[in-house]
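So you can see what is in the structure, the chains are spelled out below.
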Amino acid sequence: MTELPDHHRNGGLAVVATLAAHGVDTIFGIPGTHNLELYRHLPHYGIRAVTPRHEQGAGYAADGYFLLSGRPGVVITTSGPGLTNVITAAATAYAESRPMLILSPGVPTGMEGADAGLLHETKDSSGALSRLLVASRRARTAEGAAQAVAEAFALFASSRPGPVHIEVPLDVLEGPWWGTAPQPLAPQPPVPTADTVARAAELLRTADRPLIVAGGGSRHAADRLTALAERLDAPVATTCNGKGVLDEAHPLSLGSNVRFGAVQEASRAADVLVVLGTELADSDLWGGTVGAQNAPGTAAGSATPGPAGSADGLTVDSALDVRAPRPDGQQVIRCDIDPDQLNKNLIGDVLVHSDTGAFLDALLAALGEDAGHGGGSGLGSRPDSGSEAGSDPEPVGTSAGRHRAESLRAACAEEFDGAGLNARITRAVAAAGGPGVVIGGDSSQVTYDGTVHALEAHTPDQLLYMPGFATLGYGIPAALGAKVAAPERPVAALLGDGAAMFSVQEIMTAVELGLPIPFVVVDNGGYAEIEDQMTARDMPPFAVRLDRPDFAALGRSMGAHGVTVALPTGAGEAGALAEFDATLRGAVADAFAAGRPTVVHVIAPRRAPSADA
């Protein structure tokens, strides 16, 4: 690196030097009048600046970047409207527990709340964002701004991740700085106590019907989750954010199917239920429940162990803890990096406040290599609950857990329209991309009624999605960010026409970057999901049937390729659907091999016919 002139050693340098010290090599953002002293220093440290066409796209791209790289996405905005534009993306990151660092300039020191008519003046940017994000901090000095960056990265590595905003007053950003960048702080994630691990291990040693539910908090521990599932011979269901944490081709995988009744009923029938890194949110369960819920009527503390439980020395009580013991005696083990999540939506019996990976390491050590083969041990090795104690476990390929998983997968298939258009389109895109394909979804029917269930994920980075905040406009920029993070991976966006119109401008960004991303837009004429809800309420469709552009032509006008694929006449016949599948698969395969993006416009009726898959 060349030495910076003295007159450029300012607060912007303090921030950017600290980013570089923490391994940041890419930022997403739009240069503006007030953030130029941040942009000045990016080339000096070799930090790439990706310029989307809207700051909301910058935030979603940063999220996709994180999901593929594992490194927090960084967004730089200008003050005022640039910052407010990114708020929805930041709120999405909060809802999905994903790290994101947002850097923005602010009004000069002493001008807070002055209402003096300054350019981009905002009443209280930091105060507004502090109500929506994990934290928002307004720095007072260049040293304080640099330290805030270091502390944000430490927070990401040590607690429940989420978005952090740092505001740097203009006088601090442009004022002198002669310090040195703070180095990364040692992460300090919570780890389980020996007592909690021992209690969990003891329950699992005697379990006949264990079941694991894994969420986004277990994404970084896929190898250890797989080892635990195999050690216990326990089926694994995941939330949408946990999809692929156990390879969905694994015989113990139930896929990301926790919303289906068969999985929810199996979770109630399990004698030991292990819940890892998830609050068991309604956005995943679709009105259902997981686990044998406690009956109301008994005060917390009356059961043994208490319904409120204890989490590594922490007493966990809330208004929800007035519950009696479960009538069937099910025991629930819950692990989460955030202690406030441990009793949400299902009260646990063993509450583990810990990083999921640290807990799984300790639990596997406590269970021991041969834990599943001892006489009288449960660990899911018995073919049924009536098996004789001490009998030899069945061979691995015919274990009780694998039989249960196979039956549950078949039951889930009965609840999912695998022959429907959304599933077919997902399979065509996945087949074109190969087993490592990454698909950016959206709050679109083709995603939550298609890709979530029809994509067979082998790793926990293959579906880019935000089921909690359910944001329209996510898929296109998220796929862009993912491709920037992992240019060697096949990355596609697959979304509906309504969602596409929220962020279609980011196709231009992908063209500028030369990214061979297929943007597959399934056009069913507007907001079909909302129309369905209107119909269910006996309302005539209103304000939901929309005019749309020719998406393929729009893509070509931006410099991308553009292809249109329509369902053929007589699409209810198996032969016609097979022709459609092959045409779409070929178009997407060509798009993956192209030197620039391709918009694939799929024209689909509102009620597409289906045939056997």
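From a predicted model like this one, the values you see are computed outputs, not experimental measurements.

### Topic: the pairing of strand β13 (residues 350-353)
Of the two faces of β13, the one carrying V350 and V352 and the one carrying L351 and H353 are both buried. As defined by bridge partners, strand β12 (residues 331-336) adjoins β13 across 4 bridges and the pair is classed as parallel. Following the sheet pairing, D336 is matched in β13 by H353.

### Here we look at the sheet that holds strand β18 (residues 561-566)
Adjacent strands of a sheet pair through backbone hydrogen bonds, lying either parallel or antiparallel. Strand order in the open sheet formed by 6 strands is β15-β14-β16-β17-β19-β18, with parallel pairing between adjacent strands. In this open sheet, the two edge strands, each paired with only one partner strand, are β15 (463-464) and β18. In the sheet, strand β14 (residues 438-440) pairs with β15 via 2 bridges, with the strands oriented parallel. By the bridge assignment for β15, G440 is matched with L464.

### What to know about the nonpolar core
Formed by 77 residues in total, the largest nonpolar core has its most connected members in I425, I507 and L584. With 8 residues, helix α3 (residues 55-69) is the single largest residue contributor to this core. Every residue in contact with I507, bar those within four places of it in the chain, is listed here: I476, F519, M558, A560 and V599.

### Brief notes about the pattern of salt bridges
Applying the stated criterion across every chain, the model contains 17 salt bridges. Salt-bridge contacts for K243 lead to E248; the nearest nitrogen and oxygen are separated by 2.9 Å. Each member of the pair, K243 together with E248, is buried. Beyond isolated ion pairs, a larger network of salt bridges with shared partners links D223, R224 and D361.

### Section: the sheet that holds strand β6 (residues 163-169)
Strands sit in the order β2-β1-β3-β4-β6-β5 across an open sheet of 6 strands; the sheet is parallel. Whereas interior strands pair on both sides, the edge strands pair on one side only; in this sheet they are β2 (48-50) and β5 (135-138). Across the sheet, the axes of successive neighbouring strands diverge by a mean angle of 25°, strand direction being ignored.

### Regarding the packing of helix α17 (residues 475-485) against helix α19 (residues 506-513)
Put simply, α17 and α19 touch, their axes get as near as 9 Å, and they point 20° apart. What the angle tells us is that α17 and α19 run roughly parallel. Classified by chirality, the crossing of α19 by α17 is left-handed. Seen from α17, the contacting residues are I476, P477, L480 and V484; seen from α19, they are E506, I507, T509, A510 and L513. Considered class by class, the residues forming the contact of α17 with α19 number 7 nonpolar, 1 polar and 1 charged.

### What to know about the packing of helix α15 (residues 421-433) against helix α22 (residues 574-593)
At a closest axis distance of 8 Å, the pairing of α15 and α22 adopts a crossing angle of 40°. Compared by their axis directions, α15 and α22 come out oblique. Between α15 and α22 the crossing geometry is right-handed. Packed against α15, whose contacting residues are L421, R424, I425, A428, V429, A431, A432 and G433, the element α22 presents L577, A578, F580, D581, L584, R585, V588, A589 and F592 at the interface.

### Section: the confidence of the model for the protein
Mean pLDDT over the protein works out to 89, with 87% of the residues at or above the 70 mark. pLDDT under 50 marks residues 313-323. Its contacts with residues more than four places away, or in other chains, come to 28 contacts.

The rules behind each value
Residues numbered from 1 in each chain as written. Predicted model: local features only at pLDDT ≥ 70, side-chain atom pairs only at ≥ 80, totals over all residues. Heavy atoms only, no water. Buried < 20%, exposed > 50% of the residue type's maximum accessible area, 1.4 Å probe, protein only. Helix = DSSP H or I, 4+ residues; strand = E, 2+ residues; numbered from the N terminus. Pairing = 2+ DSSP bridges. Core = buried A, V, L, I, M, F, W, Y, C linked by side-chain atoms within 4.5 Å. Contact = heavy atoms within 4.5 Å. Salt bridge = Lys/Arg side-chain N within 4 Å of Asp/Glu carboxyl O. Axes fitted to C-alpha atoms, helices over the stretch in contact; angles between N-to-C directions. Parallel < 35°, antiparallel > 145°, perpendicular 65-115°, else oblique. Left-handed = near helix turned anticlockwise from the far one by under 90°. Nonpolar A, V, L, I, M, F, W, Y, C, P; charged D, E, K, R; others polar. pLDDT = per-residue confidence, 0-100.

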